[in-house]
Amino acid sequence: MMIKQFLIWIPLLPLIASAIVGLFGSRLPRSAAHWLTILGVAGAFILSAFVFKATLAGFIHNANLYTWLVSGDIRFSVGFLIDNLTAMMMVVVTFVSLMVHIYTIGYMHEDSGYSRFFSYISLFTFAMLMLVMSNNFMQLFFGWEAVGLVSYLLIGFWYTRPTAIYANLKAFLVNRVGDFGFLLGIGLVLAYTGSLDYAEVFKAAPTLSETTISLFANTPWSLMTVSCILLFVGAMGKSAQVPLHVWLPDSMEGPTPISALIHAATMVTAGIFMVARMSPLFEMSTTALSFVMTIGAITALFMGLLGVIQNDIKRVVAYSTLSQLGYMTVALGASAYSVAIFHLMTHAFFKALLFLGAGSVIMGMHHDQDIRNMGNLKQYFPVTWITSLIGSLALIGTPFFAGFYSKDSIIEVVKFSHIPGSGFAYFAVIAGVFITAFYSFRLYFMVFHGAEKWREVRPHAHDDHLHHGLKPDQDPHEPGWVVKLPLILLAIPSLLIGYIAIQPMLFGDFFRGVIVINAELHPAMEHLAHHFHDVLHTPSGMAIHGLLTLPFALAILGVATAWLFYMKRPDIPAVIQQRLSLLNRVLENKYGFDHFNEVFFAGGSRFIGNKLWQIVDLQLIDGAIVNGTAKLIGKLSSVVRQLQSGMIYHYAFAMIIGAFLLLTFFTKIFN
Amino acid sequence: MLTNHILSLSIWVPILAGVIVLALGNDHRVALTRWLAAFGAIAGLLVTVPLYTQFNFAEAGFQFQEAAYWIPAFQIFYHLGADGISVPLILLTSFTTLICIIASWQVITKNIAQYMACFLMMSGLMIGVFSALDSILYYVFWEAMLIPMFLVIGIWGGPNRVYATVKFFLYTLLGSLLMLVAFIYLFHLTGSFNIAKYHNVVLPFNVQLCIFMAFFMAFAVKIPMWPVHTWLPDAHVEAPTAGSIVLAAVMLKLGGYSFLRFAMPIAPDATHYLAGFMIALSLIAILYIALVALVQKDMKKLIAYSSISHMGFVTLGFFLFSQLGLEGAIVQMISHGFISAAMFLCVGVLYDRMHSRQIADYGGVANTMPVFSAFVVLFAMANSGLPGTSGFVGEFMVILAAVKYDFWVAFIAATTLIFGASYTLWMVKRVYYGSVANDKVAALKDLSRREFVLLAVLAAFTIGIGVYPQVITQMTQATSARFLNHMSISKLPAAGI
């Protein structure tokens, strides 16, 4: 079949483009850098669309490309597994990537690293495609780490900024902590199933449901629980779940297009994708699912709260991303893998849109990112304004918008879930609705409405050498069509995709055979389907019903509060900040995670390293043993050396004594 | 006729080339000397290529064997042969030698002929170690190769070179003397110095323990394992760039190789008995040394400690007794050869320009040397074990094998994912990223064509093995399967079983 032949080209096209631009970029004209990579990604997108069409018609492909390594009876391969889940991810990844490529022409227009940037984002597209198209854990891990590499390179893209190179190191290392768990999880999978191939692992898994391993003393642990939690630790790193979330806000040091592509739409959702892919394993351990749900709920609630106090436009959106990733994780914990993936998809569109919108504003504001200096931008940024409004409405779950369908399904399915932790999770996702609406529209009102705050002359605002900002007498200008077109193209799915996709994805056959749910143990998804078929009937029915439910009321309340605080009575927030200064300090310090990591982990490692080096290596081994031996020999010989006096009568005396002793000795023996 | 003597040629062509360089070259004829050395190294590399092309992958035993009487009175033979474990290491040796010669092209200006000759001769002697099948022949090569290394550090080294060389020499000599005792003891038992015979000699458990410990002293120093590792950072810091390259890329592997050739197969029961101890030492190397590497202020010292930490995976892989672990260890040896060579070369590139290895003297090198910095980031990633580079393959295999052996062993080993990345990338951050730190950095010139080619070749190998590691495991598969089979059979006297 045709499709099988061109599958390989889907990841390969972006890779080739990236390699050409990366290696020869400095010798090519600038336009070549973006045309080559855009062609590569566009090709990948079109091919992905064909593949998606084929998988919708029932095409499934699972085959190895080549054998990476054989060791004993273990075979590691590189290969593709193409089903609906993969194909959908491929389309989302390549589409958002294509939008970001086009957008970058405008955003990075003046940057000296123009071709380097295009090379990186194409490389990222390759790595992400390898990740989602993999048919085995080894390749998954390859893609997993490769996207981490590109993320590292892109966060530190402006490598002269101290904050950027701090952030990229932090991102890589925190991700490595997740990968540490992930690798051990993969190791357990291999040790007990003898394979890393998805199909074989999933086939062997049911026989291992009763298997236990003893980790501490002789307490038996369920193998599946341990493996799944370890795998999920990997997801916690990549998808920025508490406590491994600390890298994502700092990653905003990278250029905005990659914040949209990598740190919102695609890479950070790799963890969600991975868990959904592993559903046959996770379904075997309710304990692991509870763990997943609790972590997700904590992230959804507490990271959303941090979004409320941010003043950097990108950081607000970043905390919102963290919170939404928490929602997806909660859905995974409720065994609603399809809902998580559905939210992943809608979120990819509207969050990429919000980020690119923020980038458009940042460009227009001459790289001032502080929302306190903005206001009334709807006048100057009509396209950005409308599309950002669409994105925000989708984010807060307004009925009929894409985000509504996915988020409401998460809230509903958590309500139906009864595994330990679901009560807290339900509270978290409900409270999260209010918080999301509040910070989203706080941002929206402060940026697009109200007074034009950059017009106020502030003595210190322009001292910061990184953020130039507008002068009080300047008008901001909306960037050109390379920026506006992606916004519009992303706004369309942000509006419509939920309405279109909910029925097939959640309640149809879309994920049949891909996602496995143990309905006896985890019936939440089944309840959700019943609820939909019996009460809501259609997507429109769901939206109309949604108008009357608690989440929507909370969203309205959130928007209203934001309007009150930032439009009607702008003095209220300051008063609240004063009254709740303790809470405010906790939030300002981001619950102290950064400080703790800095002191305990980074400082602790350096402290231990220093002590081991100075005391054990230098003083004990080198000082006492190695050089000590040398000194001892030196000392001994300086004593022995005294005997070598050079006086002939000393030697003669020693000889006589020696001869005498020998004779005595021998006479004793032979007598 | 020549095809029967590939191993002899591999040993003697570079040594002969070294002699020619010594005879014809001197500091007045710089170009001639360099080109002679380069041709010698190329010839040395070319003669080893048939080892790969004519190697029978399915055959587990020794191939390309040659044997002749050397000292008949003691049954000492000139006996050579290579199996799936030694062939990749021999290829690595001859390749590294060429890298070393080119790396020293303009850097060394005094006593060039002697310097180049040292490397060529060292190459032949090290290949001799990898291919000797007679223990006395092996011992002679083993000791002889120390001499050129001693000279390289002692003559062309840094300010503290005397301390470093003496430390290096005494450490390694101390270990090897015990090995000689073991050889003589085995000669008394078997009446032969043939290594293959040693593999099949029946030994009581206590004797096995003694023999294993005697070999352990020799090889642990070489690898080096904790706690006999402290010579390596000093030797690296004082050695010239090419000296560091050959030390890290090849010389450390002699220790690893020798465990597989002597200590383990001769004393399998003792090996199993001591496996826990060896694994503990390996884990200390992986975790402890990584933490020590984190706080180094000198780039070379940092990479030296990183080498020790990575070699921990080699010894860990050996003592897991699984094919995945063993082959992982061998892949790790080869991969580390390329990556450590590249890392030391990168420090050399900077040192040649700024005459400092202190991290604190640098900052923002990426601004003035963008191409170089791209290479550095690639090798740093390889050093951190990023998939797609060779650095990943060995560690991945060993960690996976370790999970099966014991979860907590794997747990400690896998910390390398965090700490390996920490020390490597933190150094990259401080040296290469940031704004230009001082005028010296501002005046830096990017790579010369010679440096570019060197790094590009190493990069190609690093990525090539990362993407298609089977190129190594094809060679090691049959041999390692046979090795593990051998290890599973007890060699205790019949009554003891």
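Everything in this summary refers to the structure shown in the same document. Fair warning: this is a prediction, and the values are worked out from it, not measured in the lab.

What about the overall build of chain A?
Each helix and strand counted, chain A has 27 helices and 4 strands in total. For chain A, the spread of C-alpha atoms along the principal axes amounts to about 120 × 70 × 60 Å. Taken over 671 residues, chain A has a buried fraction of 61%. Expressed as a percentage of contacts within chain A between residues at least 6 apart in sequence, the contacts between residues at least 24 apart total 79%.

Quick word on the packing of helix H12 (residues 268-294) of chain B against helix H19 (residues 416-431) of chain B
Residue and element names in this part refer to chain B. At a minimum axis separation of 9 Å, H12 and H19 run at an interaxial angle of 15°. Relative to H19, H12 is oriented roughly parallel. With respect to the hand of their crossing, H12 and H19 are arranged in left-handed fashion. Residues Ile286, Leu287, Ala290, Leu291, Ala293 and Leu294 of H12 form the contact with H19, whose participating residues are Thr416, Phe419, Ser422, Tyr423, Trp426 and Arg430. In the contact of H12 with H19, the residues fall into 9 nonpolar, 2 polar and 1 charged.

Brief notes about the environment of Leu133 of chain B
All names here are of chain B. Within the secondary structure layout, Leu133 lies in the loop between helix H4 (112-131) and helix H5 (135-144). C-alpha separation for the pair Leu133 and Asn160, spaced 27 residues apart in sequence, amounts to 38 Å. Not counting chain neighbours up to four residues away, the residues in contact with Leu133 comprise Phe62, Gln65, His79, Leu80, Gly81, Phe193, Asn194 and Ile195.

Topic: the environment of Val409 of chain B
All names here are of chain B. Relative to the elements of secondary structure, Val409 occurs in helix H18 (residues 407-414). Among the residues examined, Val409 registers a relative accessible area of 10% and is labelled buried. Once the C-alpha coordinates of Val409 and Ile279 are considered, the two residues, 130 residues apart in sequence, prove to be 8.0 Å apart. The contact partners of Val409, leaving out residues within four places of it in the chain, are Ile279, Leu283, Leu316 and Ala402.

Thoughts on the pairing of strand E1 (residues 61-71) of chain A
Residue and element names in this part refer to chain A. By the bridge criterion, 9 bridges tie E1 to strand E2 (residues 74-82) in an arrangement that is antiparallel. Bridge pairing links His61 to Ile82 in E2. Linking two consecutive strands that pair antiparallel, namely E1 and E2, is a turn of 2 residues; a positive phi of about 60° is found at Gly72 within it.

With respect to the interface of chain A and chain B
Counting residues at the interface gives 52 residues for chain A, matched by 61 residues for chain B. Approximately 5100 Å² of surface area, both sides summed, lies buried where chain A meets chain B, with 74% of it carried by carbon and sulfur atoms. Joining chain A to chain B, the criterion identifies 1 salt bridge. Mapped onto the side of chain A that touches chain B, the elements with two or more residues apiece are E1, E2, helix H6 (137-155), helix H7 (162-193) and helix H26 (593-641) of chain A. With 17 residues, the top contributor of residues to the side of chain A that touches chain B is H7 of chain A. Residues of the side of chain A that touches chain B, tallied by class, amount to 36 nonpolar, 10 polar and 6 charged.

What to know about H4 of chain B
The end-to-end C-alpha distance of H4 of chain B, which contains 20 residues, comes to 29 Å, matching closely the 28 Å that a straight helix rising 1.5 Å per residue would cover. Taking burial as the measure, the 20 residues of H4 of chain B include 18 buried ones, the bulk of the element.

Brief notes about the pattern of salt bridges
This structure, assessed with the given rule, holds 18 salt bridges over all chains. Between Asp298 of chain B and Arg357 of chain B there is a salt bridge, and its shortest N-O distance comes to 3.5 Å. Here Asp298 of chain B, found in the loop between H12 and helix H13 (299-318), pairs with Arg357 of chain B, found in the loop between helix H14 (323-354) and helix H15 (365-368); they are 59 residues apart in sequence, far enough to count as distant. The class for Asp298 of chain B is buried, based on a relative accessible area of 10%. Judged by its relative accessible area of 15%, Arg357 of chain B falls in the buried class. Arg353 of chain B serves as the salt-bridge partner of Glu451 of chain B, at 2.9 Å between the closest nitrogen and oxygen. Here Arg353 of chain B lies in helix H14 and Glu451 of chain B lies in helix H21 (residues 449-467), a separation of 98 residues in the sequence. Look at Glu451 of chain B and you get buried, because its relative accessible area is 8%. You can call Arg353 of chain B partly exposed: its relative accessible area is 26%. Salt bridges here are not isolated pairs; linked through shared partners, they connect Lys170, Asp250, Glu253, Arg315, Lys590 and Asp594 of chain A.

Considerations on the nonpolar core
Counting residues in hydrophobic clusters, the biggest one holds 451 residues, and the most contacted among them are Phe215, Phe259 and Phe372 of chain B. In this view, Phe259 of chain B contacts Phe212, Phe216, Phe219, Ala220, Ile223, Met225, Met264, Pro265, Met278, Phe318 and Phe319 of chain B; residues no more than four positions away in its chain are not counted.

Let's talk about H14 of chain B
All names here are of chain B. With 32 residues, H14 should cover 46 Å at 1.5 Å per step; its first-to-last C-alpha distance of 46 Å lies within 8% of that length. At His336, H14 shows its largest kink, close to 25°. Note on H14: the residue one or two positions beyond its end, His355, has a positive phi of about 55°.

Details of the side chain of Glu412 of chain A
Along the chain, the position of Glu412 of chain A falls in helix H18 (residues 402-416). If we skip the residues at most four places from it in the chain, Glu412 of chain A touches Leu528 and His531 of chain A.

Let's talk about the packing of H7 of chain A against H19 of chain B
Packing of H7 of chain A against H19 of chain B brings their axes to within 9 Å, and their N-to-C directions diverge by 165°. Our classification of the angle between H7 of chain A and H19 of chain B gives roughly antiparallel. Once H7 of chain A is placed against H19 of chain B, the crossing between them reads as right-handed. Only Leu417, Ile418, Ala421, Ser422, Leu425, Trp426 and Lys429 of chain B of H19 of chain B make contact with H7 of chain A, whose side of the interface consists of Ile165, Tyr166, Leu169, Phe172, Leu173, Arg176, Val177, Asp179, Phe180 and Leu183 of chain A. When grouped by side-chain class, the residues that make up the contact of H7 of chain A with H19 of chain B number 13 nonpolar, 1 polar and 3 charged.

Side note on the state of the cysteines
One way to say it: the disulfide is the covalent bond shared by the sulfur atoms of two cysteines. Residues and elements named next belong to chain B. As enumerated under the stated definition, the model contains 0 disulfides over all chains in all. With no disulfide partner, Cys100 has as its closest neighbouring cysteine sulfur the one in Cys118, 12 Å distant. The exposure class of Cys100 is buried, given its relative accessible area of 0%.

Some words on a nonpolar patch on the surface
Residues and elements named next belong to chain A. Judged by side-chain polarity, Phe400, Trp481, Leu485, Ile488, Ile492, Leu495, Leu496, Tyr499, Ile500, Ile544, Leu547 and Leu548 come together as a nonpolar surface patch covering roughly 1200 Å² of accessible area. With 8 residues, the top contributor of residues to the nonpolar patch is helix H20 (residues 481-507). A residue is classified by how much of its surface remains accessible, and Ile500, at 56% relative accessible area, is exposed.

Quick look at unusual backbone geometry
Comment: phi is negative for the bulk of residues other than glycine, and the bulk of peptide bonds are trans. All names here are of chain A. A cis amide bond links Val242 with the next residue in sequence, Pro243, at an omega value of 0°. Mapped onto the fold, Pro243 is located in the loop between helix H9 (223-238) and helix H10 (247-250). The phi dihedral of Ser335 falls on the positive side, at around 65°, and the residue is not glycine. Here Ser335 is to be found in the loop between helix H15 (313-333) and helix H16 (337-364).

What counts, and at which threshold
Residues numbered from 1 in each chain as written. Chains lettered and ligands numbered in written order. Predicted model: local features only at pLDDT ≥ 70, side-chain atom pairs only at ≥ 80, totals over all residues. Heavy atoms only, no water. Helix = DSSP H or I, 4+ residues; strand = E, 2+ residues; numbered from the N terminus. Buried < 20%, exposed > 50% of the residue type's maximum accessible area, 1.4 Å probe, protein only. Contact = heavy atoms within 4.5 Å. Axes fitted to C-alpha atoms, helices over the stretch in contact; angles between N-to-C directions. Parallel < 35°, antiparallel > 145°, perpendicular 65-115°, else oblique. Left-handed = near helix turned anticlockwise from the far one by under 90°. Nonpolar A, V, L, I, M, F, W, Y, C, P; charged D, E, K, R; others polar. Pairing = 2+ DSSP bridges. Buried area = accessible area lost by both parts, 1.4 Å probe. Salt bridge = Lys/Arg side-chain N within 4 Å of Asp/Glu carboxyl O. Expected span 1.5 Å × (residues − 1). Core = buried A, V, L, I, M, F, W, Y, C linked by side-chain atoms within 4.5 Å. Bend = angle between axes of the 7 residues up to and from the residue. Disulfide = S-S within 2.5 Å. Patch = residues over 30% accessible without salt bridge, like charges linked within 9 Å, V, L, I, M, F, W, Y side chains within 5 Å. Areas by Shrake-Rupley, 256 points an atom, 1.4 Å probe, with all protein chains shown as cover.

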